[in-house]
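Each chain, letter by letter, is given below.
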Amino acid sequence: MAAAEGIGKRVLDEGWLAARSTEVHFTGAELTTSHPPTSDQPPWMEAVVPGTVLATLVKNKLVPDPFYGLENQAILDIGNSGREYYTFWFYTTFECKLSTNQHVDLNFRAINYSGEVYLNGHKELLPKGMFRRHSIDITDILNSNGKNLLAVLIYPPDHPGKIPPEGGQGGDHEIGKDVAAQYVEGWDWMAPIRDRNTGIWDEVSLSITGPVKIIDPHLVSTFFDNYTRAYLHTTVELVNKSSWVAECSVKIQVGTELEGDVFLVEHVQTQHLSIPAGSNVLYTLPELFFYKPNLWWPNGMGKQSLYNVQITVDANYHGESDSWSQHFGFRKIESHIDTDTGGRLFKVNGEPIFIRGGNWILSDGLLRLSKKRYRTDIKFHADMNFNMMRCWGGGIAERPEFYHYCDICGVLVWQEFWITGDVDGRGVPVSNPNGPLDHDLFLLCARDTVKLLRNHPSLALWVGGNEQVPPEDINTALKNDLQLHPYFESPVNCKHSVEEIFPISKDPSQYLDGTRIYIQGSMWDGFANGKGDFTDGPYEIQYPENFFKDDFYKYGFNPEVGSVGMPVAATVRATMPQEGWQIPLFNTLPNGYIEEVPNPIWQYHTYIPYSKPGLVHDQILLYGTPKDLDDFCLKAQLVNYIQYRALLEGWTSRMWSKYTGVLIWKTQNPWTGLRGQFYDHLHEQTAGFYGCRCAAEPIHVQLNLSTYWIEVVNTTSNDLSGMAIEVSVWDLEGACQYYQVFDKFAAPSKRTTPTFEMKYPKSESPEPVYFLLLKLYKMSDYEILSRNFYWLHLPGGNYKLLEPYKQRQIPLKITSLTFIRGSSYEVRMHIENTSKKPDSRILRHGNRNLDTSVCPKSEEEADKSLFGKMLKHFSHKDSCARVVEISGSETGVAFFLQLSVHASGEDKKDTRILPVHYSDNYFSVVPGEVMTVILNFDVPEGVTPQVMINGWNFQSRLTVG
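Residues numbered from 1 in each chain as written. Predicted model: local features only at pLDDT ≥ 70, side-chain atom pairs only at ≥ 80, totals over all residues. Heavy atoms only, no water.

Chemist: Any details on the overall build of the protein? Residues and values, ideally.
Modeler: Secondary structure assignment for the protein yields 15 helices and 45 strands. Seen along its three principal axes, the alpha-carbon backbone of the protein occupies a region of about 90 × 65 × 65 Å. For the protein, the residues scored as buried account for 63% of the 961 residues in total. Pairs at least 24 residues apart make up 73% of the contacts formed inside the protein by residues separated by at least 6 positions. For the protein, the exposed surface amounts to about 35800 Å²; the carbon and sulfur share of it is 48%. Charged side chains of the protein number 86 positive and 113 negative; the gap between the two group centres comes to 4 Å. (Helix = DSSP H or I, 4+ residues; strand = E, 2+ residues; numbered from the N terminus. Buried < 20%, exposed > 50% of the residue type's maximum accessible area, 1.4 Å probe, protein only. Contact = heavy atoms within 4.5 Å. Areas by Shrake-Rupley, 256 points an atom, 1.4 Å probe, with all protein chains shown as cover. Lys, Arg positive; Asp, Glu negative; His and termini not counted. Charge placed at Lys NZ, Arg CZ, Asp CG, Glu CD.)

Here is the structure:
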């Protein structure tokens, strides 16, 4: 006999089947009693749960991959098929044995859009709404001694709409009448999703409890005495499912994870209470006191310290009845409209934070969401040194797993509700100006979303909508629901005592949220011009120097500024048939500007050109006319790097004097799009990724492309002193044409400091194309804090001299060391440019994160080295360095090197192993310099990885590890 279930959650994510409802000739009651389906019984097929109908059809190859080439056009759109075509049954079985006084709920964390649930012949409804949770008590209909049959009929949104021939933002806007994601009718960066994301798109689970269940605890921290004293406030809803008064003890335990499964418990508190039969009660625990807790900081400001909070409830005569746990970060986030800039200024734990981040739609357009994909997505944003992501209003309320990784990586989140101006009041045809038809449903979904996400420290603010505010009644209700507790209203002084503040107001954990602001729209109250006028953007290619000019953007915080995002050639080949490999035509217009004409597949995938006729000359052609796809994509990466580095450096150049932050439109695409991205849908980074990573360093040295002054950016909380900047200019022959060291200067905290003007371009006979290397280092030990490499041309010039530079053979010495733990690899590579002219000058005293020694020869030597420290964390198959010499007789810069990881011996078109986290990529190494790059990636079972290097100077890839 099977043992009774333990208290807790069981996720139902395996063994699901699906079938189109019009092809199933049994009722839900019959499917879950007398006529259960099987996988070998048409029309039933293996289902993707969590996922969507379209994801299931793609998995079973019943429709083509909508993200490949023009295949999406071959899939029947719901606007033409009718809703019945995408109304689907989902079916699974499970066993669940209960003991006396146990209860079980069947939970759907989200479906789209409504449904019917049948369990063992019994029917329950899943009401409408894409962003609401459903919980059904199935205790009385459960077959506790055998198999339970579960069938779920899912209906698409009520107003899926039609796609006009010309496309448009949100199609015909009908989807805006429902409380659902609005991007699904297509946008200028996205093709329509044919099923409108119909399906069980989030987690399905069973929750087994005793007579008392815990629902939606709310955790809030407050601080006093300059953050040395902190309190944890907790309010929890308790439900007594029994028919008798439950005498309970509620225990809260707070601890930190030391290593593995070892925890240090810092607080344990138990309270006793009685809960009447069949009732719900809100219970506020006495606050817990912490002295000098480890604070949670955003990326670049400090550690992301997280505590584990566990709440358990024991019921008399039963034992443990329910348990709930959550990672929690002690932090206080505030914001206000800055009087100097007019932009919204954020503070975390009292420290101002300059926002550099991006807009986020969602991970995958077919809602194939997973922890693994989320982990990569969020880590990529942290790798770029971003500190905020904006979850755009036309997408989804992001999932707890998304927020979990934002908590870990320190990425603040701006979460919008489901309003966009294009679908809620403007557009062609003019959309419904009053938001969704059911305002009460919208508010129900909004309140439920707040409860789902409010305990995450990464969640920074709620916003009513994108480029629009919600209808007046919804907006008023959200303002009331999300009003701040008095403690979190600026400027509450954290020097007050808890005794002074809380007797005059409710405990902050009793609010729906109360800890973070609500802004009515993305261009209001400190964003864009603050009044809702269309003052975000622009979204096209720019001259790099424009980002530094006074008239580029005149408001303090830009929530959307966008540009290009062409991926690498391998991604184009992997996602398009051969006719999609044709590069754009470059047509010369009468005004001398170039118009790019992309092929039809690129047009469908929303390619954005690298020229802006009338304003910006084509930036790819600065390097010469590309001859094929590889040449085009390589030159596009050069532009991507320059474009996005200049964007962020231009904003940071005016930190606090003109700007408080910027969010780039956008960081990625939820499909195989060709615009506005730092990594593609396959998780391959563009060079723009590394341009951002460079520019957004917490401590950074940069060239102001408008004034040619060297600037030092310090976004940290520490003043820097005893600093020096080394400036070196290199010509195409590998000679150092200009060298200067500016030393003994200080870089104040949270300041951009101009240091001196770079004189080289104004000197006699400057090179038409040259390389500039900036290094910021500490004079005390020569530790390099920032390294920044530019390729530049004289005013009015171009980069065409770099074309013959491809033939230059630069010698390299590459030393690699690999650590392996299971399927996880870490490769540390040292790349040395061994060419050097007698007059070459380069700082050789030290490098940040640089270890130029070869692999240690003995265990004793290993213990003392940086490699040795790594060995303690990795069981390795081969800890000996591999050295590869790339021969070359010429002197020069090893320019624009790109590392990639491939499956060795694979006989297929795309051998890349993705994703890979690189400490740097698309980098250049000057004569005599050594660069260290660290790669982290997972390898499929049975695959041997190879690291390859490609670059401007290398026409063929070379295996180096």
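After that view of the structure, there is still more to cover.
Chemist: Tell me about the side chain of Thr 672, and name the residues and values.
Modeler: Here Thr 672 lies in the loop between strand E29 (661–665) and helix H12 (687–695). Thr 672 gets classed as buried once you look at its relative accessible area, which sits at 10%. Within the local environment of Thr 672, its side chain forms a polar contact with the backbone oxygen of Phe 67, the two atoms lying 2.5 Å apart. In this structure Thr 672 touches Phe 67, Thr 575, His 605 and His 681, once residues within four positions along its chain are discounted. (Polar contact = N/O pair within 3.5 Å; in protein donor to acceptor, adjacent residues only side chain to side chain.)

Chemist: So, the packing of helix H6 (residues 439–453) against helix H7 (residues 472–481): which residues are in play, and what are the values?
Modeler: Describing two packed helices takes the angle between their axes plus the distance from one axis to the other. Two elements in contact, H6 and H7, have axes separated by 10 Å at closest approach and are oriented at 25°. With respect to each other, H6 and H7 are oriented roughly parallel. Like other packed secondary-structure pairs, H6 and H7 cross with a definite hand, here right-handed. Residues His 439, Phe 442, Leu 443, Ala 446 and Arg 447 of H6 pack against Asp 473, Ile 474, Ala 477, Leu 478 and Asp 481 of H7. Counted by class, the contact of H6 with H7 contains six nonpolar, one polar and three charged residues. (Axes fitted to C-alpha atoms, helices over the stretch in contact; angles between N-to-C directions. Parallel < 35°, antiparallel > 145°, perpendicular 65-115°, else oblique. Left-handed = near helix turned anticlockwise from the far one by under 90°. Nonpolar A, V, L, I, M, F, W, Y, C, P; charged D, E, K, R; others polar.)

Chemist: Report on the sheet that holds strand E18 (residues 333–337), specifying residues and quantitative values.
Modeler: Strand pairing in a sheet is mediated by backbone hydrogen bonds. Such pairs are either parallel or antiparallel. An order of E18-E19-E20 is seen for the three strands of this open sheet, with the pairing classed as antiparallel. Unpaired on one side and paired on the other, E18 and strand E20 (351–353) mark the two borders of the sheet. Going across the sheet, the axis of each strand differs from the next one's by a mean of 35°, ignoring polarity. Here strand E19 (residues 344–348) runs beside E20; their pairing, made up of three bridges, is antiparallel. When the sheet's bridge partners are listed, Phe 346 is paired in E20 with Ile 353. (Pairing = 2+ DSSP bridges.)

Chemist: For a negative patch on the surface, give the residues involved together with the corresponding values.
Modeler: Residues Asp 438, Asp 440, Glu 472 and Asp 473 make up a contiguous surface patch of negative charge. Structurally, Asp 473 can be placed in helix H7. (Patch = residues over 30% accessible without salt bridge, like charges linked within 9 Å, V, L, I, M, F, W, Y side chains within 5 Å. Salt bridge = Lys/Arg side-chain N within 4 Å of Asp/Glu carboxyl O.)

Chemist: Give me unusual backbone geometry: which residues, what numbers.
Modeler: For the peptide bond that leads from Gly 537 to Pro 538, omega is 0°, which places it in the cis range. Within the secondary structure, Pro 538 sits in the loop between strand E25 (518–519) and strand E26 (557–562). Cis rather than trans, the peptide bond between Trp 665 and Lys 666 has omega equal to -5°.

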